[in-house]
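Report on the structure
Spelled out, the chains give:
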Protein chains: 2
Amino acid sequence: VLDGGLVVSVDLSVEGVHFRRDWFSLEEAGYRATAGALSDLAAMAAEPLGVLLSMGLPRGEKDTVSQALQRGAREACRSQGVQILGGDLSGSPGPVILDVTVLGRADSPLLRRGCRPGDEVWMTGWVGGSGAAVHLLGEGRGLPETLRERLIHPSPRIREIRWLQDRVTLTAGIDLSDGLAGDTGHLAAASEVKVILEAEKLLLDPGMEDAIHDPAERLHFGLRGGEDYEVCFTAPPGEVHALTEVFREVFGVPLTRIGRVEAGNGVHLQDRDGLVSPLFGGFDHFSDEEQR
Amino acid sequence: VLDGGLVVSVDLSVEGVHFRRDWFSLEEAGYRATAGALSDLAAMAAEPLGVLLSMGLPRGEKDTVSQALQRGAREACRSQGVQILGGDLSGSPGPVILDVTVLGRADSPLLRRGCRPGDEVWMTGWVGGSGAAVHLLGEGRGLPETLRERLIHPSPRIREIRWLQDRVTLTAGIDLSDGLAGDTGHLAAASEVKVILEAEKLLLDPGMEDAIHDPAERLHFGLRGGEDYEVCFTAPPGEVHALTEVFREVFGVPLTRIGRVEAGNGVHLQDRDGLVSPLFGGFDHFSDEEQR
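None of the values given here were measured: they were computed from a predicted structure. (Residues numbered from 1 in each chain as written. Chains lettered and ligands numbered in written order. Predicted model: local features only at pLDDT ≥ 70, side-chain atom pairs only at ≥ 80, totals over all residues. Heavy atoms only, no water.)

Moving on, we come to the sheet that holds strand 3 (residues 84–92) of chain B. Backbone hydrogen bonds hold the strands of a sheet together, and the pairing may be parallel or antiparallel. Residues and elements named next belong to chain B. Strands sit in the order 1-4-2-3 across an open sheet of four strands; the sheet is mixed. Each edge of the open sheet carries a strand with a single partner, namely strand 1 (6–14) and strand 3. In this sheet, adjacent strand axes meet at a mean angle of 15° when their direction is disregarded. Note that strand 1 and strand 4 (residues 97–105) share nine bridges and pair antiparallel. Among the inter-strand pairings, Ser9 is bridged to a residue of strand 4, identified as Val102. Across the sheet, helix 2 (residues 62–79) is in contact with strand 2 (47–58), strand 3 and strand 4; its angle to strand 2 comes to roughly 165°. (Pairing = 2+ DSSP bridges. Helix = DSSP H or I, 4+ residues; strand = E, 2+ residues; numbered from the N terminus. Axes fitted to C-alpha atoms, helices over the stretch in contact; angles between N-to-C directions. Contact = heavy atoms within 4.5 Å.)

Structure follows, in structure tokens:
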């Protein structure tokens, strides 16, 4: 966050790490990368000002790759009423590279720090769908259309969070790119508080139900699957509840209280029996278990 | 250029395309990429606000690579009194990737369009050194220290151009990243004018003299070698000349009139005998002849 409420963020996508061409098209990769970058603006309750695309293109297919990425990026931008301002084109000795810079402005930027013990923890939408989709693709299994859609066309919650901020006090927020556990961990660390997530309350992506039969596995993706691009935020007790119905009517997206803030540190999960245990980490592009 | 004179630019560097580890260290690659990105602010006469680094890091060496790139980037930022605001870290399946986003503010941004027939064409510093250095490295020859320094530690001319803009009218400008011929071609196209470069006036990098004996070859690098990161600008006749001495005293860098603007289009070279012939293109990362 700079002078005048200017916010800027950047998100790098690399073929073989963030996407595979046999999983989805380059146009879809462009959409997804751009939507993911714009989601950083949602997390800060910022109004989007513009997008820059930096592309590294393998020789011999630079035009087709660049056009496909741009088509997808433009579509994602259009969904948020924002324009591509410029960027950079370069060669690549191998993977397709797409780095998306987003610019925005926030009069009162929502930050990771700022929540206090007693605050409620809320989230937009559903979690687990993207992580489950990547898992199924990695196992060579087919994807239900709803999960495929969730993976490829995430919806940055920019309008949703700005709408909420106009009506209630939001004390802290983060978008869910690494996974609910990891991202609320960042929020807890920045705010120097303990976050308790209530397993029963989490709104798991219904698209997982047919494809993933074990409820524990669905919960795993809800907590640790990345790239849902929903927003998790905190608010003083009692303020948000009255807005949930109209929010759902306006945006077609649920708003769910999923936990609470207490004094302490770290992220903890409260299970159906009320037992609370610590949670660790989220998605790490470098971890061996979850490397894509 | 956005509301409030906000300018933003992005510059992608990929191992195997823009740098090779056997040519210079990753720290040097970080310096060079960041200085190159900051040079876009010089071209627009913008004051730097901050830098974002997006890095794609090969597995198994992510920490060492990321630290080396950041050390170099920080050093380049320090030379311009600007800070690294944030960025993104990701894996890479192969090449080291470094994408640098720069933010700045310009009250009256210098653009590629705006010069008129009759204007003079000026440049800061020297041209040809970086292109000659890359050529020598590509042939497996050693580099004179001055050329190596020019290649690795380019100086974005941010203070220089802002200093000039405070004192005289600058009508258009561009930084020399693709090569003088190609970059003045962009300027000529944007301004819808003809640019005539005078071969005799070009200030060729003196570091080339010992290593490259053919004067025609030195001129070639001066016109077509990329990544000198000097600034070429235009000004109404007679305004800049009186500043050249004090400019050199203040910045230790020469300021040279290298040509003129006429009605027409394209970039043309006037040789020592006064003959004028068209010049084409600059450095193209995708061309077969000059691919690095």
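Note on aromatic pairs: each is described by the distance of the centres and the angle between the planes. Taken as a whole and judged by the stated rule, the model has six aromatic pairs over all chains. Between Trp163 of chain A and Phe247 of chain A the ring centres are 5.8 Å apart and the planes differ by 65°, which places this aromatic pair in the edge-to-face class. Here Trp163 of chain A, found in helix 5 (residues 158–167), pairs with Phe247 of chain A, found in helix 8 (residues 244–251); they are 84 residues apart in sequence, far enough to count as distant. Overall, the relative accessible area of 0% leaves Phe247 of chain A in the buried class. Their ring planes at 90° and their centres at 5.7 Å tell us that Trp163 of chain B and Phe251 of chain B sit as a pair that is edge-to-face. Within this pair, whereas Trp163 of chain B is found in helix 5 (residues 158–167), its partner Phe251 of chain B is found in helix 8 (residues 244–251), the two being separated by 88 residues in sequence. (Phe/Tyr/Trp six-rings, centres within 6.5 Å; stacked < 30°, edge-to-face > 60°. Buried < 20%, exposed > 50% of the residue type's maximum accessible area, 1.4 Å probe, protein only.)

Contacts between chain B and chain A engage 38 residues on the former and 38 residues on the latter. Viewed at the interface, chain A and chain B are joined by zero salt bridges. Summed over the shared surface of chain B and chain A, the result is seven residue pairs in polar contact (both at pLDDT 80 or more). Of all the secondary structure elements, the ones that give two or more residues to the side of chain B that touches chain A are strand 1, strand 2, strand 3 and strand 4 of chain B. For the side of chain B that touches chain A, the element with the most residues is strand 1 of chain B, which contributes seven residues. In terms of residue class, the side of chain B that touches chain A is built from 17 nonpolar, 12 polar and nine charged. (Salt bridge = Lys/Arg side-chain N within 4 Å of Asp/Glu carboxyl O. Polar contact = N/O pair within 3.5 Å; in protein donor to acceptor, adjacent residues only side chain to side chain. Nonpolar A, V, L, I, M, F, W, Y, C, P; charged D, E, K, R; others polar.)

What follows is about the pairing of strand 5 (residues 120–124) of chain B. Residues and elements named next belong to chain B. With five of its five residues buried, strand 5 lies for the most part within the structure. Residues of strand 5 alternate between two faces, with Glu120, Trp122 and Thr124 on one and Val121 and Met123 on the opposite face, all of them buried. Pairing analysis gives four bridges linking strand 5 to strand 8 (residues 231–235), with the strands arranged antiparallel. The partner of Val121 across the bridge, within strand 8, is Thr234. Two elements, strand 5 and strand 9 (residues 255–262), share five bridges in a ladder whose sense is antiparallel. Counterpart to Glu120 in the pairing with strand 9 is Arg260.

A word on the pairing of strand 6 (residues 172–175) of chain B. Residues and elements named next belong to chain B. Residue alternation in strand 6 divides its side chains into two sets, Ala172 and Ile174 and Gly173 and Asp175, and both sets are buried. Where strand 6 meets strand 8, four bridges bridge the pair, whose relative direction is antiparallel. Residue pairing for strand 8: Ala172 is matched across the bridge by Thr234.

One copy of the chain maps onto the second through a rotation around an axis plus a translation along that axis. Rotating chain B by 180° about the axis while translating it 0.0 Å along that axis superimposes it on chain A, leaving an RMSD of 0.0 Å. The operation mapping one copy onto its partner corresponds to a two-fold rotation axis. A shared binding surface is used by both copies, with 100% of the interface residues of chain B retained as interface residues in chain A. (Least-squares fit on C-alpha atoms with pLDDT ≥ 70 in both.)

Now for unusual backbone geometry. All names here are of chain B. For Ala45, which is not glycine, the phi dihedral falls at a positive 55°. Mapped onto the elements, Ala45 comes out in the loop between helix 1 (26–43) and strand 2. Of note, the phi angle at Glu227 is positive, near 60°, even though the residue is not glycine. Here Glu227 is to be found in the loop between helix 7 (215–224) and strand 8.

With that settled, the discussion passes to the packing of helix 5 of chain B against helix 8 of chain B. Residues and elements named next belong to chain B. Where helix 5 contacts helix 8, the two axes come as close as 11 Å, and the packing angle between them is 145°. Here helix 5 and helix 8 pass one another in a crossing that is right-handed. Residues Arg159, Glu160, Trp163 and Leu164 of helix 5 form the contact with helix 8, whose participating residues are Val246, Phe247, Val250 and Phe251. (Left-handed = near helix turned anticlockwise from the far one by under 90°.)

Residue and element names in this part refer to chain B. Evaluation of the coordinates by the stated rule reveals 30 salt bridges over all chains. Among the salt bridges present, the one from Arg21 reaches Glu15, with a minimum N-O distance of 3.0 Å. By relative accessible area, Arg21 is classed as partly exposed at 32%. Residue class for Glu15 comes out buried when judged on its relative accessible area of 18%. The salt bridge partner of Lys201 is Glu198, with a shortest N-O separation of 2.6 Å. A residue is classified by how much of its surface remains accessible, and Lys201, at 33% relative accessible area, is partly exposed.

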